[in-house]
Amino acid sequence: MGYNVAMKILVLNGSYRPEGTTTELARSFMAGAQAAGAQAQMIMLRDRGIGYCTNCLQCYGFPGEGIAPCSLKDDMDELIPRIAEADGVLFASPVHNGFVTGLMAVFWERLSWRAARPAGSFLRSMGIASRLQDKVRAFGAISSAGGFSERLRRFCDDGTPWLKSNAPLILHGQWVGDMYAGAELERMPQTGPDWTRIFFLRRLSAGQRERARGLGAAMAEAIKSGRLEPTTIATILPPPLRWAMDLVAALRPPYRVAR
Ligand SMILES: Cc1cc2nc3c(=O)[nH]c(=O)nc-3n(C[C@H](O)[C@H](O)[C@H](O)COP(=O)(O)O)c2cc1C
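Residues numbered from 1 in each chain as written. Predicted model: local features only at pLDDT ≥ 70, side-chain atom pairs only at ≥ 80, totals over all residues. Heavy atoms only, no water.

Chemist: Sorry, what's going on with the sheet that holds strand 2 (residues 38-44) here?
Modeler: The strands that make up a sheet pair up through hydrogen bonds in the backbone, lying either parallel or antiparallel. Pairing is parallel across the open sheet formed by five strands, whose spatial order is 2-1-3-6-7. Of all the strands in the sheet, just strand 2 and strand 7 (173-181) have a single pairing partner and so form its edges. Each adjacent strand pair in this sheet contributes to an overall mean axis angle of 15°, direction not counted. Here strand 3 (residues 88-94) runs beside strand 6 (residues 137-144); their pairing, made up of seven bridges, is parallel. When the bridges of strand 6 are listed, Pro94 appears paired with Ser144. Relative to the sheet, helix 1 (residues 21-35) contacts strand 1 (7-13), strand 2, strand 3, strand 6 and strand 7, its axis offset from that of strand 2 by approximately 165°. (Pairing = 2+ DSSP bridges. Helix = DSSP H or I, 4+ residues; strand = E, 2+ residues; numbered from the N terminus. Axes fitted to C-alpha atoms, helices over the stretch in contact; angles between N-to-C directions. Contact = heavy atoms within 4.5 Å.)

Chemist: Could you clarify how one ought to interpret the confidence of the model for the chain in this entry?
Modeler: Residues shown with low pLDDT carry predicted positions that ought not to be read at fine detail. Model confidence for the chain is summarised by a mean pLDDT of 96, while 98% of its residues fall at 70 or above. Confidence scores differ between elements of the chain, with helix 8 (residues 233-236) showing the lowest mean pLDDT of 88 and strand 3 the highest of 99. (pLDDT = per-residue confidence, 0-100.)

Chemist: Is there a simple way to think about the pairing of strand 4 (residues 116-122) in this case?
Modeler: Judged from the five bridges that link them, strand 4 and strand 5 (residues 125-130) form a sheet pairing that is antiparallel. Across the sheet, the residue bridging to Phe122 is Ser125, located in strand 5. The hairpin turn running from strand 4 into strand 5, its antiparallel successor, is two residues long, and Leu123 in that turn takes a positive phi close to 50°.

Chemist: It is not clear to me how the packing of helix 2 (residues 76-85) against helix 3 (residues 102-115) should be interpreted in this structure. Could you clarify?
Modeler: Relative to each other, helix 2 and helix 3 sit at 60°, their axes nearing to 11 Å. Here helix 2 and helix 3 pass one another in a crossing that is right-handed. Two secondary-structure elements touch here, helix 2 through Met76, Asp77, Leu79, Ile80 and Ile83 and helix 3 through Phe107, Arg110, Leu111 and Arg114. A class-by-class count of the residues in the contact of helix 2 with helix 3 yields six nonpolar, no polar and three charged. (Left-handed = near helix turned anticlockwise from the far one by under 90°. Nonpolar A, V, L, I, M, F, W, Y, C, P; charged D, E, K, R; others polar.)

Chemist: Looking at this structure, I do not really get unusual backbone geometry. What am I missing?
Modeler: Peptide bonds are trans in most cases, and residues, glycine excluded, mostly fall at negative phi. Despite not being glycine, Leu123 shows a phi value in the positive range, around 50°. You can see Leu123 is positioned in the loop between strand 4 and strand 5. Owing to a relative accessible area of 19%, Leu123 belongs among the buried residues under this scheme. (Buried < 20%, exposed > 50% of the residue type's maximum accessible area, 1.4 Å probe, protein only.)

Chemist: Looking at this model, I keep getting lost on the packing of aromatic side chains. Mind explaining?
Modeler: Ring pairs (aromatic) are described by centroid distance and by the angle formed between their planes. Evaluation of the coordinates by the stated rule reveals four aromatic pairs. Plain terms: the ring middles of Tyr60 and Trp113 are 5.0 Å apart, the flat faces sit at 90° to each other, and that makes the pair edge-to-face. Here Trp113 lies in helix 3 and Tyr60 lies in the loop between strand 2 and helix 2, a separation of 53 residues in the sequence. On the numbers, 5.4 Å between centres and 45° between planes, the contact of Phe91 with Trp108 is tilted. Here Trp108 lies in helix 3 and Phe91 lies in strand 3, a separation of 17 residues in the sequence. Like Phe91, the residue Trp108 is buried in the burial classification. (Phe/Tyr/Trp six-rings, centres within 6.5 Å; stacked < 30°, edge-to-face > 60°.)

Here is the structure:
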C-alpha cells in the first residue's frame, strides 16, 4: 500500500540542552526522515508547561472514546493530539542515571492513561489498550550518553527498553528501531582528573550522526510501506507461550486478597 498523504513524524526531545547532543542527533534523524519524504517536527519538552501528575485518576477512570481528560490544564492538551495525528514518533533523550531524563518520565506519567485505558486482563493481571486506535504509528528512540561507550550500553540504557515496551502498546503501533549514542571522546583521558571530566570530553561522531539519519529514513520507509502492525496485549507474547504463562498464572494467581 502506498502512502499518498504527507507523513508526519514527531520528535519529542527530553533533553535540557537545546543545543546538546540529543538535539543534534534528533536533527540528523529529521533530515533522514525528510529525505525519505516525511514532514518532521521537533518539540523540546523543556519549553512546554508540563505539570506533575497528581494521581487523581480522572484519565484512568474515563470510560469514553478518544483522549481521556486530565484535571491539570497545561500544554499536555496540545501535545497529546500532536502524537495522535502523527504517523511516527521518535523519543529522544539523554541518558540520565541510566534512564531517560526526569522530564521525559514526567511527560510519560501525564501521557499514559490519557492515551490508554485499563482493559481486560493479561496473564491474570491488569490489561491495557490504547485509546488512539485510529491509526497504526511507528515508534523509535535515540538515547545519548556522556559516560558509557557503545559497548557498555547494557549497563546504562534502561530508557530504551522501557520506551520500547510502552510506546507501541500505549500509543498504538510498532517499534521500528532505536539508537544508543555512547560516549566517544575528543581524546583519551590521561590523568585521574581527566577521567572525572569525561562528560566534557564527549564528542558526537560522524558515524553517530549517520546512524541517526538512517533511523529517520527507516522510520519514514516503515510508514510508507503501510505494513506496520499494532501492538496489543494479545501480540506481546506468541500464543503457545501466552497459554503456558496463563496456566501458570491460574495455578499461582499474581494477586493475593489482602486481609
Ligand atoms: C544528571 C545526569 C545524569 C547522567 N547520567 C549518565 C549515565 O547514567 N550514563 C551516562 O553515560 N551518562 C550520563 N550523563 C551524561 C549525559 O548522558 C550526557 O551529557 C548527554 O550527552 C547529555 O545529553 P545532551 O547533550 O542532550 O544534554 C548524565 C548527565 C547528567 C546531567
